[in-house]
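Analysis of the macromolecular model
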2 protein chains.
Amino acid sequence: MSSGTPRTGGPVPKYERLRRALAAAIGALGDDAALPTERELAVQHGVSRATVRQALEALEAAGLVYRVQGAGTYVAPRTVAKTLSLTSFSEDMRAKGLTPGSRVVVVGEAAADHDEAADLAVGTGTPLLRLVRVRLADSAPMCVETSRLVAARVPGLAAMDLTGSLYALLAEHFEIRPRRADQAVRSVVTGEEQSALLGIASRSPALRVDRVSYDERGAPVESTTSLYRADRYEIRFAVHREAP
Amino acid sequence: MSSGTPRTGGPVPKYERLRRALAAAIGALGDDAALPTERELAVQHGVSRATVRQALEALEAAGLVYRVQGAGTYVAPRTVAKTLSLTSFSEDMRAKGLTPGSRVVVVGEAAADHDEAADLAVGTGTPLLRLVRVRLADSAPMCVETSRLVAARVPGLAAMDLTGSLYALLAEHFEIRPRRADQAVRSVVTGEEQSALLGIASRSPALRVDRVSYDERGAPVESTTSLYRADRYEIRFAVHREAP
DNA sequence: AACCCCAATTGGTACGTACTTAAATGGATA
DNA sequence: TATCCATTTAAGTACGTACCAATTGGGGTT
């Protein structure tokens, strides 16, 4: 298996298929509509109750349903926001129904400074590939994004077409798949250069998102700093509170 | 479950106690250290493997461990950020090691405007309790927070001590416990009045967080708009990518 | 030494059972 | 009519078994 391509195909588990079926069925129901009981669903779909519960837990975590002990499982009232997940700019824009694009501003190698080295878990001075792009949504500037990767891990990346999804390139050519990321969101005002790239007045408000993404082993793969136009972008997400 | 088992264990489920025990044990381990196998943990703690898995799933969701099929379960490398969860300002500050406080600016009833009514799922003009507070961290202004609740649901709240945690008051006196919220984060610049309240220059950058929180039934309970000083606050959180 | 294959290990999926706890129901009672 | 309580129903917890899928490591081959 090591030499071949780790095709992620394979059989889709029952609970996952049930989850999708229920998610689709929920779309046709109204807010607070009761779903069949767990035991009924088990019989209807020919699976065990444990499998039904696995599917329902996923739906509950996604905010699609809520469950009340002794009562039943119900369709959660629709809201705009979805649970926050790790997405690239391209995926993010497509999810909003916009066409993503890029204009490459800078691409080249540079030695890691102290902070970059710490983020990527390498020594200071390690060669990094630094990529600065103006990200476009429907051809209009949305943000300036600076990406940094350990150069040795992505040989030849600088010569590829960097106007599309970086995550797609990483997966296709280097088997690098970010699975987790830590993000910090701040409010800042833009400087001269950034304002010009974004096509806005200098000292405009902007949302700055610093992200370090990690692969399935927890090894850092990319550090990104994004500067979003405040007038065109906001972050929406759902949060939950634990049981007590 | 043998009959001799002391039933004084309390209402805390086994998987939850195991989760806490493991979370504590993990603190003493290094990054990427291997945990015992699921079957070993089951024997060690006298529970079934299913219960062990339930505890590990919670730890994985919280970003404390990662699991590799065929290999084992490992301590996730520490990072600053935790998974985002629904917290009040008071809880948020205490988690950062700061002492929260408040100065009430405005408290009173007002009719819901169109947006507020939509957020709280009531009719326009419904009486709302509107509460504006300057939230303090170690006695210094951190944000201006405007909370809105349906007045009929919280009779007498306006007369209570509103300098502490609103969530605590809601739980204690009205059995209202927010479980979920939708948030929108934007970058803005402060106006005259807000700047004065925060003790910063006018037209300073700020993080604006709009939140609508819901109870366990999905009914909206509170709408909040918070304006955080950009120089003193940032939002940190971890995001995950689903297995493609 | 390098490579490949197989077996053991380990987490992932799926089933079954049994019981507990909380909510809803409906009938008896005040 | 209104209230209380026992019953029923539902999700929550916990155990056990079995097998699948991916990784790892050892042993044999090249």
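Criteria and cut-off values
Residues numbered from 1 in each chain as written. Chains lettered and ligands numbered in written order. Predicted model: local features only at pLDDT ≥ 70, side-chain atom pairs only at ≥ 80, totals over all residues. Heavy atoms only, no water. Phe/Tyr/Trp six-rings, centres within 6.5 Å; stacked < 30°, edge-to-face > 60°. Buried < 20%, exposed > 50% of the residue type's maximum accessible area, 1.4 Å probe, protein only. Near = heavy atom within 4 Å. Polar contact = N/O pair within 3.5 Å; in protein donor to acceptor, adjacent residues only side chain to side chain. Helix = DSSP H or I, 4+ residues; strand = E, 2+ residues; numbered from the N terminus. Nonpolar A, V, L, I, M, F, W, Y, C, P; charged D, E, K, R; others polar. Pairing = 2+ DSSP bridges. Axes fitted to C-alpha atoms, helices over the stretch in contact; angles between N-to-C directions. Core = buried A, V, L, I, M, F, W, Y, C linked by side-chain atoms within 4.5 Å. Contact = heavy atoms within 4.5 Å. Domains from an automatic or database assignment. Buried area = accessible area lost by both parts, 1.4 Å probe. Salt bridge = Lys/Arg side-chain N within 4 Å of Asp/Glu carboxyl O. Least-squares fit on C-alpha atoms with pLDDT ≥ 70 in both.

**Considerations on the packing of aromatic side chains**
All names here are of chain A. Per the counting criterion, the structure on display carries 5 aromatic pairs over all chains. For the pair tyrosine 228 and tyrosine 233, a centre-to-centre distance of 3.9 Å together with 10° between the ring planes defines the contact as stacked. Like tyrosine 228, the residue tyrosine 233 is buried in the burial classification.

**Some points on the protein's contact with DNA strand C**
Residues in close proximity to DNA strand C total 26 residues, the closest being Lys14, Tyr15, Thr51 and Gln69 of chain A together with Arg49 of chain B. The sugar-phosphate portion of DNA strand C accounts for 67% of its atoms within 4 Å of the protein, the bases making up the rest. In this structure, a base nitrogen belonging to DNA strand C sits 3.0 Å away from a side-chain N or O atom of arginine 39 of chain B. Within the contact set of DNA strand C, a phosphate oxygen lies 3.2 Å away from a side-chain nitrogen or oxygen of arginine 67 of chain B. Contributing elements (two or more residues each) for the surface near DNA strand C: helix H1 (14–27) and helix H3 (49–61) of chain A together with helix H2 (38–45), helix H3 (49–61), strand S1 (65–68) and strand S2 (72–75) of chain B.

**Describing the environment of alanine 50 of chain B**
All names here are of chain B. Relative to the elements of secondary structure, alanine 50 occurs in helix H3. With relative accessibility at 55%, the residue alanine 50 sits in the exposed group. Measuring from C-alpha to C-alpha, the distance between alanine 50 and glutamate 38 comes to 8.9 Å, with 12 residues separating the pair along the chain.

**Concerning the protein's contact with DNA strand D**
Around DNA strand D sit 26 residues, and of these Arg49 and Arg53 of chain A together with Lys14, Tyr15 and Thr51 of chain B come closest. Per the 4 Å cut-off to the protein, sugar and phosphate atoms form 68% of the nearby atoms of DNA strand D. A distance of 3.2 Å separates a phosphate oxygen of DNA strand D from a polar side-chain atom of arginine 67 of chain A. Among the residues making up the surface near DNA strand D, the classes are represented as 7 nonpolar, 10 polar and 9 charged.

**Thoughts on the sheet that holds strand S7 (residues 205–214) of chain A**
Spatially, the 7 strands line up as an open sheet ordered S3(A)-S4(A)-S5(A)-S8(A)-S7(A)-S6(A)-S9(B), and their pairing is antiparallel. The open sheet has two edge strands with one neighbour each: strand S3 (100–111) of chain A together with strand S9 (235–240) of chain B. Each strand of the sheet is rotated relative to its neighbour by a mean of 20°, with strand direction disregarded.

**Brief notes about the nonpolar core**
General note: in soluble globular proteins, nonpolar side chains tend to be found buried as a group. Counting residues in hydrophobic clusters, the biggest one holds 32 residues, and the most contacted among them are Val185 of chain A together with Val185 of chain B. When neighbours within four sequence positions are excluded, valine 185 of chain B is seen to be in contact with Val185, Leu207, Glu234, Ile235 and Phe237 of chain A together with Leu207, Arg208, Val209 and Ile235 of chain B.

**Considering the environment of threonine 225 of chain B**
Relative to the assigned elements, threonine 225 of chain B resides in strand S8 (residues 220–229). Those residues in contact with threonine 225 of chain B, other than ones at most four positions away along the chain, are Val144, Glu145, Thr146, Arg148, Arg208, Val209 and Asp210 of chain B.

**Points about the domain arrangement of chain A**
Interface size, as often reported, equals the accessible area lost upon joining of the parts. Partitioning chain A into structural domains gives domain 1 (14–75) and domain 2 (80–235). Each of domain 1 of chain A and domain 2 of chain A has a C-alpha centre, and these two points are 37 Å apart.

**Thoughts on the sheet that holds strand S7 (residues 205–214) of chain B**
Spatially, 7 strands are ordered S9(A)-S6(B)-S7(B)-S8(B)-S5(B)-S4(B)-S3(B) in an open sheet, and the strand pairing comes out antiparallel. Pairing within the sheet leaves two strands with one partner each, and these edge strands are strand S9 (235–240) of chain A together with strand S3 (100–111) of chain B. Here the strands of the sheet are splayed against their neighbours by 20° on average, with no regard to which way each runs. For S9 of chain A and strand S6 (residues 180–189) of chain B, the ladder comprises 6 bridges, and the chain directions are antiparallel. Directly across from valine 239 of chain A, in S6 of chain B, lies its bridge partner alanine 181 of chain B.

**Examining the interface of chain A and chain B**
Of the residues lining the interface, 43 residues belong to chain A; the matching set on chain B comes to 42 residues. Of the roughly 3900 Å² buried between chain A and chain B on both sides combined, carbon and sulfur atoms contribute 53%. For the chain A face of the interface with chain B, the top three residues by lost area are Phe237, Val239 and Arg241 of chain A, together amounting to 18%. Seen at the junction of chain A and chain B, the total is 2 salt bridges.

**A few points about unusual backbone geometry**
Peptide bonds are, in most cases, trans, and in most cases residues other than glycine have a negative phi. Phi angles above zero are rare outside glycine, and alanine 121 of chain A is one such case at about 60°. By the secondary structure assignment, alanine 121 of chain A is in the loop between helix H5 (114–120) and strand S4 (127–137). Assessed through its relative accessible area of 60%, alanine 121 of chain A is described here as exposed. Even without glycine at this site, serine 139 of chain B takes up a positive phi of about 70°.

**Looking at the relation of the copies chain A and chain B**
Mapping chain A onto chain B is achieved by rotating through 180° and translating by 0.1 Å along the same axis, at an RMSD of 0.3 Å. Viewed as a symmetry operation, the transformation between the two copies matches a two-fold axis. If distances are taken from each C-alpha of chain A to the rotation axis, the shortest is found for serine 187 of chain A, at 2.6 Å. A symmetric contact is evident, with 95% of the interface residues of chain A recurring at the interface of chain B.

**Re the pattern of salt bridges**
Taken as a whole and assessed by the stated rule, the structure comprises 34 salt bridges over all chains. Among the ionic pairs, glutamate 57 of chain A bridges to arginine 53 of chain A, the shortest N-O distance being 3.8 Å. Here glutamate 57 of chain A pairs with arginine 53 of chain A, and both are found in helix H3, just 4 residues apart, close to one helical turn. Judged by its relative accessible area of 35%, glutamate 57 of chain A falls in the partly exposed class. Overall, arginine 53 of chain A belongs to the partly exposed group, its relative accessible area being 31%. Across the pair arginine 148 of chain B and glutamate 116 of chain B runs a salt bridge whose closest N-O atoms are separated by 3.0 Å. Placement of arginine 148 of chain B in strand S5 (residues 140–150) and of glutamate 116 of chain B in helix H5 (residues 114–120) is noted, with a sequence separation of 32 residues between them.

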